[in-house]
Every structure is written in C-alpha cells, then in structure tokens.
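# A closer look at the structure
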Amino acid sequence: MKYVKTIGATFGVAASLVLAGCGDNTSQGTKSNEEQVSISQALDYTITGIEPGAGMMQLTEMALNEYENLKGWKVSESSTAGMLTMLDKAIQSEEPIIVTGWNPHWKFATYDLKYLEDPKGTFGEVENINTIVRKDLKEEHPTAYEMLDRFYWEPEDMEQVMLDAQTVTFEEAAKKWAEQNQEKVNEWMEGLQSVNGEKFELVSTPWETEEASSHVVKFVLEQLGYDVTITPVDPIIMFQAIANGEGDASVAPWLPETHRSFYEQYKDDIIDLGENLVGAKVGLVVPSYMDIDSIEDLEPKE
C-alpha cells in the first residue's frame, strides 16, 4: 500500500518570517494600544504555523475569521521543525513571536511559554487523542484490537517520550519508556494471545506527539508478535486509510475540535475506541516575556 504524502517542510517560508528591527521595548510590550500595535507590526501580522494539512492550521484560519482584531493577519505555512526553529530563534533574542501550539509537547518543558486566551473558543477546550481502527480489525486481529482498546496513558507519559527523543530516536525513547513503565505495559498486554509475525500497519501523522504514541504502541504490539509498520501521512489521509481498510489503526486523531471535520466525514466507516489520552490542548502560544495575554490584545492590520 502506498500513500501520497503531502507534507511540505517549507523552511524558506519560515525563514522569511525572521523578525527584524524589534527593539527591547517592543519585545517586552505593554498593555497600551500603542505598544500593542508595535508588537503586531513587529510580527508583520503573521502567526508562525506548521504543515498546511494540520487541523491546527484549520483552526487558526478560523480564528483569523472569527476575531475582528485579526483582520489582515495571516498564518504562515511551514513545518513543525521550522516552527520550532523560529520559536527558538525568537526566544534566544527575546523577540516577539506567535506560534500555533499544542501540548503535550516538549517545548513547554524547554521554554517558558503561555497560551493566549481564546474568548471566542475557536480552539475549543481540553482535547482528547483517540484510537481509531478499521471496521473488521476485531475479527482479523483480535489481539491487536484488545491491546489498542486498552491503550491509555497520561500527557506526562507522552512528554517524557518526546523529551527523550530529542537525543535518541523515537524507537529508543519508546522502548525506554516501556521498560520504565512495565506495570502499565503489562496491563495493556495481560492475558492476550501472542501472534507469529502478522503484519500490522499503524497510520499516524508526522508530528512528535503522534510519533511518541505510535512508537510506544508499535513496541508493545511487537512484544505480542506483530510485525508493525508506522506510516506517517496528513490527517485527512490518515482517516481515509482507516476508513478504506488500507491501514489497520491510528492512535493520532485529536478530538473534538482539531480533527473534527475529518472525523465527521469518516466516522461511519471507522471504529472509534475512545480516548487514549485526555488533557491535550491547542491554541496560539507566545513566550511568557510577551506582555499580551489574549488573542484580543492583538491589533488589526491597517
């Protein structure tokens, strides 16, 4: 099976957003209208985004339409790596920046960040990450189905894998986490019958949150005897693959808001096993040194 991958790592776009000419007073900002305009101008009325296929990007575009004070603003298409590079560069220089953000993510453990308040609720409240499988999975792979139905962990578990994966591969980080959390892994595997090299395909998205969960699930399924492949694709293709039976399962859908449109389109053709993580969040994120607290603190482009 082949998937058409549409992820674009457009570092050139991200590089074009380097914030120049920001003095010390501008980067700190104040609550006066004059300083708010200065921050917005310094940002060139631009939010630094990630891959164009991400649900987070769709929600950000919705926010640009919902908030009158974001008239004239744009969200740049980049990549997760590109966004993180721009965030790090801005923080090192203590310059203003607004990024599309989510947690669990290691960036919150690395940098002092905050979400901008979202009075209109465009980004929703607390998000879940769900497990979805193809309709006939229970009959064909009952062991995998049961393990996936049991799979549940906490945001701090995912963040630990992501943090370790900054210095080792995700495969190594997942194995390390599993070995350090053997009691939880045993709960997922208890009483399940092992298989003999049956092939299994996890469909995921190319972001570190999903790399963490997918590699942990891959490790556990391999302990049960499966030959597991992880295929990272755009979210819409992920849902299509499970609905069409081209992929076996995914632990990557963010609900109820981030992937709502894709879920609504394919919910009748998939099996939703429910949450595998509760407490995720998405929104617009800024360094804590920026003296703005809400999306409504920003100013429209004149």
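Right above here is the structure, for reference.
Below: a short report on this structure. Within each chain, residue numbers correspond to sequence positions counted from 1 in written order. It should be noted that, the model being predicted, local features are given only for residues of pLDDT at least 70 and side-chain atom pairs only at 80 or more, the latter also being counted only at that level, while totals for whole chains, interfaces and linings use all residues. Here the side-chain values reflect all heavy atoms present in the structure, with hydrogen atoms and water set aside.

### Regarding the nonpolar core
Definition of nonpolar core: a set of buried residues of the types Ala, Val, Leu, Ile, Met, Phe, Trp, Tyr and Cys, connected through side-chain atoms within 4.5 Å. Only protein chains enter the area calculation, which uses a 1.4 Å probe; residues under 20% of their type maximum are buried, those over 50% are exposed, and those in between are partly exposed. Among the nonpolar cores identified, the biggest contains 81 residues, and Trp153 and Phe200 are the most heavily contacted of them. By definition, any uninterrupted DSSP run of H or I lasting at least four residues is a helix, any uninterrupted run of E lasting at least two residues is a strand, and each is numbered from the N terminus. A per-element tally of this core places strand E10 (residues 271-287) first, with seven residues. Two residues form a contact once any of their heavy atoms are found within 4.5 Å. Non-local contacts of phenylalanine 200, meaning those with residues more than four positions away in its chain, are made with Leu137, His141, Ala144, Leu148, Leu221, Tyr226, Asp227, Val228, Thr229, Asp248 and Ala249.

### Here's the deal with empty space enclosed by the protein
A 1.4 Å probe that fits into a set of points on a 1 Å grid over the protein atoms alone but cannot get out defines a cavity; an open set with protein on both sides within 12 Å along at least five of seven lines defines a pocket, and lining residues are those with an atom within 4 Å of a point. Grid points are joined across faces, edges and corners, and a volume is the space filled by probe spheres set on the points. Considering all chains together, one arrives at one cavity of 30 Å³ or more under this definition. The space that makes up the largest cavity amounts to roughly 120 Å³. Lining the largest cavity are Ile50, Ala54, Gly55, Met56, Trp102, Trp207, Thr209, Glu210, Trp254, Thr258, His259 and Val282. When residues of the lining of the largest cavity are traced back to their parent elements, those giving at least two are helix H4 (55-66) and helix H12 (208-223).

### Some words on the pattern of salt bridges
Salt bridges, as used here, are contacts in which a Lys or Arg side-chain nitrogen is within 4 Å of a carboxyl oxygen on Asp or Glu. Applying the stated criterion to the full structure yields twelve salt bridges. In this structure, aspartate 157 and lysine 184 form a salt bridge, with 2.9 Å as the shortest nitrogen-oxygen distance. Remark: lysine 184 occurs in helix H11 (residues 182-189) and aspartate 157 occurs in helix H9 (residues 155-164); sequence separation between them is 27 residues. Of the residues examined, aspartate 157 reaches a relative accessible area of 9% and is grouped as buried. Lysine 184 sits in the partly exposed class, given a relative accessible area of 22%. Within this structure, Arg134, Asp136, Glu140 and Asp248 form a network of salt bridges that share partners.

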